[in-house]
Amino acid sequence: MAIRRKSTKSPPILSHEFVLQNHADIVSCVAMVFLLGLMFEISAKASIIFVTLQYNVTLPVTEEQATETASFYYYGIKDLATIFFYMLVAIIVHAIIQEYVLDKINRRMHFSKTKHSKFNESGQLSAFYLFSCIWGIFILVSENYISDPTILWRSYPPNLMTFQVKFFYISQLAYWFHTFPELYFQKTKKEDIPRQLVYIGLYLFHIAGAYLLNLNRLGLVLLVPHYFVEFLFHISRLFYFTDEKYQKGFSLWAVLFVLGRLLTLILSVLTVGFGLARAENQKLDFSTGNFNVLGVRIAVLASICITQAFMMWKFINFQLRRWREHSTFQTPTVKKKPTVTKGRSRKGTENGVNGTLTSNGADSPRNRKEKSS
């Protein structure tokens, strides 16, 4: 009678897709709690702080037409609650893109673990950069930032924002805050975490700085071309993963990256160094949101210049590394000629060395002639 052995297989490990779906379900439930809170009078006041934008005032559009009014916004401590709610929304959208778009492509392409993580990173960032770039361009056109560049420093401080400008900054801060828990959800490698923490911190530092210092106009103008350049890089990397011969996108990105850094420096110096420096009101006033003083202007320009120098240093190292890899790939390997060594076997000596017959061989024409005579 055969004895049936018990299976020694270990229990199945939770797959990466299941972990993503699990945390997305939990976050969705938390977000639904805030939305359902709007339906009840007891919890509506607390839920409104998380769901809707706070600190709004109603002002007439023009002095002549006092009947027509518009809503404007300023910032405050309650914005942290709104950022937290839309951070949950960003996590849900992140999981939807990952599950229904990126994971399906990964199954078809059969990427390695390294390419798998980089493909997911570029896929998520390219979608965010494209959406933010289109949204930013719409705001620039509707707010007349492009037709009148002097609006960047004229009538500072613009402590009142329109709905779309404030919602844009709230969404930007919420997205970059959501990347911190995503480092855990995506099972990011330990060696990649410091690199990602650096650029996440740089984004939060500059976006929050523009938001709090009432430089939202300058920040919006600088973010749009930067996001477009970053979108081009990540979309080029997606095409590179599918076809490693694709290099055109990287060449165009390299040119636009340098131009983007120059544009950032020119607009920053023009706005902060010349425009705000010539303004009449140069007194620090927290109540009106006026930070147009010499120390703040120097700090703003220094942070922008240091960041641009850091990005150019990383860019130059990246290009040098690609140039070395390309040069080593195209360098032909020189084959060494085999050297004749002494002490070969008798068979090898008789049959010749390196394909040539020797005079000592048995089949030499001279030996055959002497034998015949």
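All chains use their own residue numbering, which begins from 1 and follows the written sequence. A pLDDT threshold of at least 70 governs which residues receive local features in this predicted model, and a stricter bar of 80 or more applies before side-chain atom pairs are shown or counted, although totals over entire chains, interfaces and linings include all residues. Where side-chain values are given, they derive from all heavy atoms of the structure, hydrogens and water being excluded.

## Observations concerning the layout of surface pockets
Definitions used for this entry: grid spacing 1 Å over protein atoms alone; cavity, a set of points where a 1.4 Å probe fits but cannot get out; pocket, an open set with protein on both sides within 12 Å along at least 5 of 7 lines; lining residue, one with an atom within 4 Å of a point. Grid points are joined across faces, edges and corners, and a volume is the space filled by probe spheres set on the points. Here the second largest pocket defines a volume of roughly 400 Å³. Forming the walls of the second largest pocket are 16 residues, and the residues nearest its centre are A90, V93, F128, F131 and Y175. Helix numbers and strand numbers start at the N terminus; a helix is a DSSP run of H or I with at least 4 residues, a strand a run of E with at least 2. Where the lining of the second largest pocket is concerned, the elements lending two or more residues are helix 3 (79-109), helix 4 (113-142) and helix 5 (163-185). Polar here means any residue other than Ala, Val, Leu, Ile, Met, Phe, Trp, Tyr, Cys and Pro, which are nonpolar, and Asp, Glu, Lys and Arg, which are charged; Gly is therefore polar. Split by residue class, the lining of the second largest pocket holds eleven nonpolar, five polar and no charged.

## Quick word on the pattern of salt bridges
We define a salt bridge as a side-chain nitrogen of Lys or Arg found within 4 Å of a carboxyl oxygen belonging to Asp or Glu. Applying the stated criterion to the full structure yields four salt bridges. Linking K166 and D79 is a salt bridge whose minimum nitrogen-to-oxygen distance equals 3.1 Å. In this pair, K166 sits in helix 5 while D79 sits in helix 3, placing the two residues 87 residues apart along the sequence. The shortest N-O distance in the salt bridge between E121 and R237 comes to 3.7 Å. Placement of E121 in helix 4 and of R237 in helix 7 (residues 216-242) is noted, with a sequence separation of 116 residues between them. To sort residues, take the accessible area from a 1.4 Å probe on protein chains only and compare it with the maximum for the residue type: under 20% means buried, over 50% means exposed, and anything in between is partly exposed. Take R237: its relative accessible area is 15%, and that puts it in the buried class. Three or more residues joined by partner-sharing salt bridges are found here, namely E121, R195 and R237.

## Here we look at the packing of aromatic side chains
When two rings of Phe, Tyr or Trp (its six-membered ring) have centres within 6.5 Å they constitute a pair, described as stacked for plane angles under 30 degrees, edge-to-face for angles over 60, and tilted for the intermediate range. Enumeration according to the criterion identifies 41 aromatic pairs in this entry. Here the aromatic rings of F168 and Y169 are separated by 5.9 Å at their centres, their planes lie at 85 degrees, and the arrangement is edge-to-face. A ring pair is formed by W253 and F315, whose centres lie 5.4 Å apart and whose planes are at 65 degrees; its orientation type is edge-to-face. With W253 in helix 8 (residues 248-275) and F315 in helix 9 (residues 294-330), this residue pair connects regions lying 62 residues apart in the sequence. Taken as a pair, W253 and F315 share a single burial class, namely buried. In this scheme, Lys NZ or Arg CZ marks a charge over a ring once it lies within 6 Å of the ring centre and within 35 degrees of the ring normal. Between K187 and the ring centre of Y184, over which it is positioned, the NZ or CZ distance is 4.7 Å. The side chain of R261 reaches across the aromatic face of F257, ending 4.7 Å from its centre.

## Quick notes on the UniProt feature "transmembrane region" (unreviewed entry) in the chain
UniProt positions are given in the numbering used here, feature names are shortened, and annotations may be inferred rather than shown by experiment. Summarizing the sequence annotation, UniProt attributes the feature "transmembrane region" (unreviewed entry) to residues 26-51, 83-102, 123-147, 197-214, 220-240, 252-274 and 294-316 in the numbering used throughout. Within residues 294-316, the helical portion is 100% and the strand portion 0%, while the C-alpha atoms at the span's ends are 33 Å from each other.

## Details of the nonpolar core
Residues belong to one nonpolar core when they are buried, are Ala, Val, Leu, Ile, Met, Phe, Trp, Tyr or Cys, and are joined through side-chain atoms within 4.5 Å. Y129, Y169, W176, I207 and Y227 are the most contacted members of the largest nonpolar core, which has 57 residues in total. For this core, the elements supplying multiple residues, two or more each, are helix 1 (16-37), helix 3, helix 4, helix 5, helix 6 (193-212), helix 7, helix 8 and helix 9. If you tally residues by element for this core, the top one is helix 5, at ten residues. Composition of this core by domain shows at least three residues from each of domain 1 (16-47) and domain 2 (52-329). In this structure, L232, F250, F257 and M311 belong to the second largest nonpolar core, which totals ten residues. What fixes the domain bounds is an automatic or database domain assignment.

## Re the side chain of T188
Within the element layout of this structure, T188 appears in the loop between helix 5 and helix 6. Any pair of residues with heavy atoms lying within 4.5 Å of one another is described as a contacting pair. Non-local contacts of T188, meaning those with residues more than four positions away in its chain, are made with E182, L183, I193 and Q196.

## Quick word on a positive patch on the surface
Patch membership needs two things, relative accessible area over 30% and no salt bridge, and members are linked within 9 Å if like-charged or within 5 Å if nonpolar (Val, Leu, Ile, Met, Phe, Trp, Tyr). The protein chains shown are the only cover counted for residues, whose accessible areas, like all others here, come from Shrake-Rupley with a 1.4 Å probe. Residues scored as positive are Lys and Arg, those scored as negative are Asp and Glu, and His as well as the terminal groups of each chain are ignored. Charge positions come from single atoms, namely NZ of Lys, CZ of Arg, CG of Asp or CD of Glu. On the surface, a cluster of positive charge is made up of K113, K118, K189, K314, R321 and R324. Of all the secondary structure elements, the ones that give two or more residues to the positive patch are helix 4 and helix 9. Ranked by the residues each element gives to the positive patch, the list is headed by helix 9, at three residues. Within the secondary structure, R324 is located in helix 9.

## So, unusual backbone geometry
Residue P157 is bonded to the preceding Y156 through a cis peptide linkage, with omega at 5 degrees. Inspection of the secondary structure assignment puts P157 in the loop between helix 4 and helix 5. Even without being glycine, S155 reaches a positive phi, approximately 55 degrees. Considering the arrangement of structural elements, one finds S155 in the loop between helix 4 and helix 5. Phi angles above zero are rare outside glycine, and K187 is one such case at about 55 degrees. Tracing the chain through its elements places K187 in the loop between helix 5 and helix 6. The class of K187 is partly exposed, set by a relative accessible area of 48%.

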